[in-house]
Amino acid sequence: MSKKTVLVSGGAGFIGSHVSVELLQAGYDVVVADNFSNCDRTCFEGVKKITGREDLPLEIVDFCDEAAVKALFAKYPIDAVIHFAAYKAVGESVAKPLMYYRNNLQSFLSVLEAAQEKGNVNVLFSSSATVYGEPDAVPVTEDTPRKPATSPYGNTKTMCEDILRDTVKASGGKLKGILLRYFNPIGAHPSALIGELPRGVPNNLVPFITQTAIGKRECLSIFGNDYPTPDGTCQRDYIDIVDLAKAHVYAVTRMVEGKMKEECEVFNVGTGRPVSVMELVNAFEKVNGVKLNWKFAPRRPGDVTAIWADPTKANNEMGWHATRTIEETLKAAWAWECHLAGK
Ligand code: UD1
């Protein structure tokens, strides 16, 4: 079988770079496309180094530019596209909703228009557990009802899910789609050559922890210790970034090999293991032998109490399983922060 080509929009970012590595290592041709609006070249260079692919194509494209996206589809024999190119800061989306709706919806519409025009393209959309809102029961399956999102960012994920579903349905079999709902991706590649590179003060927990441990931040605030959870702090399903990236290879293979059971499928990508903020902090200190400055602080508006995945569908249908322990993942996150600091 000839090699299949996957276009990765936002391919130079945190998740996109890890996915590009796994796709290349699984034998796919990859085209990385990014406009570097929220990342630099570090991870793209890292992908080339890890895979030994100095010739890895890079296209600097703003996915809101429909003509440019169509040109990409004309230039490469694209079998599948994975769409990551989007803004992702929850708080910023509350302050600047129009910026989020314009960017996140328009870029995905460009991808779908181009894919539809070309035909026979498989589309993988990177969705989020945010679509479940504050769930009535945990763990959540793919059939757990979606709830109104708590931010414009979350709304764009729900809307893009619906847009993909409707477009696939109307395509008469020309397009197929998979929605992957990520829980909380953390960690870094074991090579420490790629990882998360937040700009400014990190919003997410693990980058804040590693930056505090290295001395870039003074103190971690644990948002809320009065939640109705075993230790009072929020529970999440932290999924190793390499495990998460591998789920994309399973999903793409399922699409290009015609193994889908429905023309638009949805999978939770999580471990099924709830971990509280306090447990995560303790595990980080223990596994890395570092002391972290932390304090309890008031709850952060918009946070849900507890959410974790039931990953049975992805396990059984795609054959994908999360394999890394939280300790391995937190070691990798720390190794990456140390690598950035030149230590
Ligand atoms: C958020 C988004 C989610 C997105 C994910 C990854 C929502 C509601 N959440 O998830 O859609 O996919 O980021 O980018 O849209 N915490 C602290 N101190 C900190 C930072 C975080 O205690 O300095 C706590 C939070 O209160 C939360 C947990 O750590 O309980 C995880 O927070 P975070 O990493 O920001 O992810 P989520 O909010 O779960």
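Nothing here was measured: the structure is a model prediction, and the numbers come from that model. (Residues numbered from 1 in each chain as written. Predicted model: local features only at pLDDT ≥ 70, side-chain atom pairs only at ≥ 80, totals over all residues. Heavy atoms only, no water.)

Describing the packing of helix H5 (residues 97-118) against helix H6 (residues 152-170)
For clarity, the cut-off: Lines fitted to the C-alpha atoms define the axes, with helices restricted to the stretch that makes contact. Angles between their N-to-C directions range from 0 to 180 degrees. Only DSSP runs of H or I with at least four residues qualify as helices, and only runs of E with at least two residues qualify as strands; both kinds are numbered from the N terminus onward. The labels follow the angle: roughly parallel below 35 degrees, roughly antiparallel above 145, roughly perpendicular from 65 to 115, and oblique for the rest. Crossings are sorted by hand: turned counterclockwise from the far helix by less than a right angle, the near helix makes the crossing left-handed, and turned clockwise it makes it right-handed. Whether two residues touch is decided by their heavy atoms; if any such pair falls within 4.5 Å, the residues are in contact. Three classes are used: nonpolar for Ala, Val, Leu, Ile, Met, Phe, Trp, Tyr, Cys and Pro, charged for Asp, Glu, Lys and Arg, and polar for all others, with Gly counted as polar.
One can describe the packing of H5 onto H6 by two numbers: an axis separation of 10 Å at closest approach and a directional angle of 20°. Compared by their axis directions, H5 and H6 come out roughly parallel. Note that H5 runs across H6; the crossing there is right-handed. Residue-level inspection shows Pro97, Tyr100, Tyr101, Asn104, Leu105, Phe108, Leu109, Leu112 and Gln116 of H5 in contact with H6, the latter providing Pro152, Tyr153, Asn155, Thr156, Met159, Cys160, Ile163, Leu164 and Thr167. In terms of residue class, the contact of H5 with H6 is made up of 13 nonpolar, 5 polar and no charged.

A closer look at the site of the ligand
Stated precisely, the cut-off is as follows: By convention in this text, a residue qualifies as near a molecule or strand provided that one of its non-hydrogen atoms is within 4 Å of it. The definition of a polar contact used here is a pair of N or O atoms within 3.5 Å, where within protein one atom must be able to donate a hydrogen and the other to accept one, and adjacent residues in sequence count solely through side-chain atom pairs. These domain limits were set by an automatic method or by a database of domain assignments.
Surveying the vicinity of the ligand reveals 19 residues, the closest of which are Leu205, Ser221, Arg236, Arg300 and Asp303. Between the ligand and the protein, one listed contact pairs a nitrogen atom with a backbone N or O atom of Ser221 at 2.7 Å. Measuring from an oxygen atom of the ligand, one finds a side-chain N or O atom of Arg300 at 2.9 Å. Among the residues forming the shell around the ligand, the class breakdown is 10 nonpolar, 6 polar and 3 charged. Looking at which domains feed residues into the shell around the ligand, each of domain 1 (5-187 + 239-269) and domain 2 (205-236 + 272-340) supplies at least three.

Considerations on the nonpolar core
To keep it simple, the criterion reads: Grouping buried Ala, Val, Leu, Ile, Met, Phe, Trp, Tyr and Cys residues that are joined through side-chain atoms within 4.5 Å yields what is termed a nonpolar core. We call a residue buried when its accessible area falls under 20% of the maximum for its residue type, exposed when it is over 50%, and partly exposed in between, using a 1.4 Å probe and counting protein chains only.
Counting residues in each nonpolar core, the largest one holds 44 residues, and the members touching the most others are Leu23, Leu180 and Val252. For this core, the element with the highest residue contribution is helix H8 (residues 241-256), accounting for 10 residues. Per-domain counts for this core show at least three residues from each of domain 1 (5-187 + 239-269) and domain 2 (205-236 + 272-340). The contacts of Val252, once residues within four sequence positions are left out, are Val6, Leu23, Tyr28, Ala80, Ile82 and Leu124. In terms of nonpolar packing, the next biggest core, distinct from the first, is built from 28 residues, Phe125, Cys160, Cys264 and Val266 among them.

Thoughts on the pattern of salt bridges
The following threshold applies: Definition used for salt bridges: Asp or Glu carboxyl oxygen within 4 Å of a side-chain nitrogen of Lys or Arg.
By the definition in use, this model includes 23 salt bridges. Two residues, Glu22 and Lys246, come together in a salt bridge whose shortest N-O distance is 3.2 Å. Here Glu22, found in helix H1 (residues 14-25), pairs with Lys246, found in helix H8; they are 224 residues apart in sequence, far enough to count as distant. As a salt-bridge pair, Lys75 and Glu59 come within 2.7 Å of each other at their nearest N and O atoms. On the criterion of sequence distance, the pair formed by Lys75 in helix H3 (residues 66-75) and Glu59 in strand S3 (residues 58-60) is long-range, its members being 16 residues apart. The class for Lys75 is exposed, based on a relative accessible area of 55%. Linked by salt bridges that have partners in common, Lys3, Asp29, Arg53 and Asp55 make up one network.

Points about the sheet that holds strand S5 (residues 121-128)
The cut-off we apply is this: A strand pair is defined by DSSP finding two or more bridges across the two strands.
Pairing is parallel across the open sheet formed by 7 strands, whose spatial order is S3-S2-S1-S4-S5-S6-S11. The open sheet has two free edges, formed respectively by S3 and strand S11 (264-269), since each of these has just one partner strand. On average, adjacent strands in this sheet sit at an angle of 20° to one another, irrespective of strand direction. In this structure, strand S6 (residues 175-182) lies alongside S11, joined through 6 bridges in parallel fashion. Bridge pairing links Ile178 to Glu265 in S11. Sheet strands touched by H8: strand S1 (5-9), strand S4 (78-83), S5, S6 and S11. Its angle to S6, the strand with the most contacts, is close to 160°.

Considering the domain arrangement of the protein chain
As far as domains go, the protein chain holds domain 1 (5-187 + 239-269) and domain 2 (205-236 + 272-340). Between the C-alpha centres of domain 1 and domain 2 the distance comes to 24 Å. Opposite the 30 residues of domain 1 that make contact, domain 2 presents 27 residues. Here Lys261 makes a salt bridge to Glu317, at a shortest N to O gap of 3.0 Å. At the boundary of domain 1 with domain 2, the tally comes to 12 residue pairs in polar contact (both at pLDDT 80 or more). Taken together, the elements giving at least two residues each to the side of domain 1 that touches domain 2 come down to strand S7 (184-186), strand S10 (238-240), H8 and S11. Sort the elements by how many residues they give to the side of domain 1 that touches domain 2 and H8 lands first, with 6 residues. Classifying every residue of the side of domain 1 that touches domain 2 gives 16 nonpolar, 7 polar and 7 charged.

Some remarks on H1
Applied cut-off: Here the expected span of a helix is defined as 1.5 Å times the quantity of residues minus one.
In a regular helix each residue adds 1.5 Å, so 12 residues correspond to 16 Å; H1 covers 17 Å between its end C-alpha atoms and thus fits that length. Buried residues dominate H1, accounting for 11 of its 12 residues. Three or more residues of H1 are buried, namely Phe14, Ile15, Gly16, Ser17, His18, Val19, Ser20, Val21, Glu22, Leu23 and Leu24. Downstream of H1 by one or two residues, Gly27 has phi in the positive range, about 100°.

Observations regarding the side chain of Thr5
Mapping Thr5 onto the fold places it in strand S1. Sequence-distant contacts of Thr5, defined by excluding residues within four places in its chain, comprise Asp29, Val31, Pro77, Ile78, Asp79 and Ala80.

With respect to the pairing of S6
Test applied: Whether a crossover is right-handed comes down to one check: with the strands pointing away from the viewer, does the path from the first strand over the helix to the second run clockwise; if it does, it is right-handed.
Of all 8 residues in S6, 7 are buried; the element is thus mostly enclosed. The pairing of S5 with S6 spans 8 bridges and is classified as parallel. Directly across from Ser128, in S6, lies its bridge partner Tyr182. Following the backbone out of S5, through H6 and into the adjacent parallel S6, one traces a crossover that is right-handed.

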